[in-house]
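Results of the structural survey
Residues per chain, in single letters:
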Amino acid sequence: MTTTQHAPTTPAPAAPPLRGLRVLDLATLFAGPLAATMLGDFGADVVKVEHPRKPDPSRGHGPAKDGVGLWWKVLGRNKRTITLDLSAPGGRDTLLGLAAEADVIVENFRPGTLERWGLGWEELSAVNPRLVLARVTGFGQFGPYAHRPGFGTLAEAMSGFAAITGEPEGPPTLPPFGLADSIAALATAYAVMTALTARTTTGRGQVVDMAIIEPMLAVIGPHPLWYDQLGYVQPRTGNRSRNNAPRNTYRTADGSWVAVSTSAQSIAERVMRLVGRPELIDEPWFADGTGRAEHADVLDEAVGAWIARRTRDEAMSAFEKAEAAIAPVYDVRDVLDDPQYRALGTVTEVQDPELGPIRMQNVLFRLSETPGAIRWPGRPHGADTEAVLTELGLTPAEIDALRSQGAV
């Protein structure tokens, strides 16, 4: 008896986890669109809806190459792009048609804008009771500030973040990037998935009311509780912490910078032995993080002087051997060269029809069975209008009519 030998087969890759989910991205700059990007990275069919004559401002935000906005290539990735004037009757009706077949809409107009166009929750849920409407605004859908224009910078200021950031004698400091928007995007993506999970039980969609000022407040820690119970208001401490020391950035002999953290007592003790100051470990105040923070001048002098006599590589190597926590202070050039980031695939190369090979951040996390992927970078304004409207059932004549009305 003979047996036939077959070559081993490789299992077909699993479908991305959000395949089949339809998302309409009506939002601009930056929290709402980034939330939609995160959904698209894991397989959702994201349709970016832009005004026919006023593209998403992120297309022109920041540096460009050959007239092509680079930020958009990241923010618009994995999205099909269509144009639609939601304030025009034809645009409104078309959006309702798209909403009827969608799972999620993400928008960030000021409260009342969609309602003014006849596209509020009442109209949207009437055509699709299973729809999840994520409304991302600076201050939320109600309250005394609801109708103010809101941006991430205002959230960074109002959350208390700016007040605790910067040098003790310096001004409150804002981040040089969209921190509050990015945190709100993460929170919005989480909220959308929570609402979709609830839909499996209730059979109904719902409204997500995301105020950018709230996620930013959530991540700064227990400040409200500290004030409520102790009357304590955290001051600006620069790179230092009120909870542990040494914790700072230190300059090396070759002009680089490194960051040291000693959140754990055992790490603090290892650092002191490494830098030749083991006697400090026996000081009564060294026994906990708060006590060490009160003597940060002494600890910073010991650590800073030791690091200043060594190159970055020498300091890094010594800390690693001592099992103490240290990291180089990178700029983007260092990030792209770092072996750990390369091992993780944190930055990946994507082929772009306009610019050729380009590098950008990869999807946010790795799933062992159903990984996400960047299928394409941000596409030109309105590139998929005809394809998406044809899928909706519109004929070429109907699309031309919308175009002649200025609705697309």
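Naming follows an unreviewed UniProt entry, where the protein chain appears as CoA transferase of Streptomyces narbonensis. We quote the UniProt Sequence similarities (unreviewed entry) comment for the protein chain here in full: "Belongs to the CoA-transferase III family."

**Digging into the sheet that holds strand 2 (residues 45–50)**
One open sheet holds the 6 strands; their spatial order is 5-2-1-6-7-8, and the pairing between them is parallel. Each edge of the sheet is formed by a strand with only one pairing partner; in this case those strands are strand 5 (79–83) and strand 8 (207–211). Strand-to-strand twist of the sheet, defined as the mean angle between neighbouring strand axes without regard to direction, takes the value 20°. Relative to strand 8, strand 7 (residues 132–137) is paired through 5 bridges, and the arrangement is parallel.

**A short note on the environment of Met 210**
Along the chain, Met 210 turns up in strand 8. Here the alpha-carbon distance between Met 210 and Val 136, two residues 74 residues apart in the chain, equals 4.8 Å. Excluding residues that lie within four positions of it along the chain, Met 210 makes contacts with Arg 135, Val 136, Thr 137, Ala 184, Ala 187, Thr 188, Ala 191 and Pro 215.

**Digging into the packing of aromatic side chains**
On inspection of all chains with the given rule, the structure shows 7 aromatic pairs. Geometry around Trp 72 places Arg 59 over its ring, the cationic atom sitting 4.1 Å from the centre. Positioned above the aromatic ring of Trp 376, the side-chain terminus of Arg 375 is 5.1 Å from the ring centre.

**Looking at the nonpolar core**
Val 23, Leu 39, Ala 44, Val 104, Val 106 and Ile 212 are the most contacted members of the largest nonpolar core, which totals 42 residues. Breaking this core down by element, the ones donating at least two residues are helix 1 (31–40), strand 6 (104–107), strand 7, helix 7 (179–202), strand 8 and strand 13 (356–361). The biggest single contributor to this core is helix 7, with 11 residues. Residue contacts for Ala 44: discarding those within four places in its chain leaves Leu 18, Leu 21, Val 23, Leu 39, Asn 78 and Arg 375.

Conventions used here
Residues numbered from 1 in each chain as written. Predicted model: local features only at pLDDT ≥ 70, side-chain atom pairs only at ≥ 80, totals over all residues. Heavy atoms only, no water. UniProt positions renumbered as here; feature names shortened; annotations may be inferred. Pairing = 2+ DSSP bridges. Helix = DSSP H or I, 4+ residues; strand = E, 2+ residues; numbered from the N terminus. Axes fitted to C-alpha atoms, helices over the stretch in contact; angles between N-to-C directions. Contact = heavy atoms within 4.5 Å. Phe/Tyr/Trp six-rings, centres within 6.5 Å; stacked < 30°, edge-to-face > 60°. Lys NZ or Arg CZ within 6 Å of the ring centre and 35° of its normal. Core = buried A, V, L, I, M, F, W, Y, C linked by side-chain atoms within 4.5 Å. Buried < 20%, exposed > 50% of the residue type's maximum accessible area, 1.4 Å probe, protein only.

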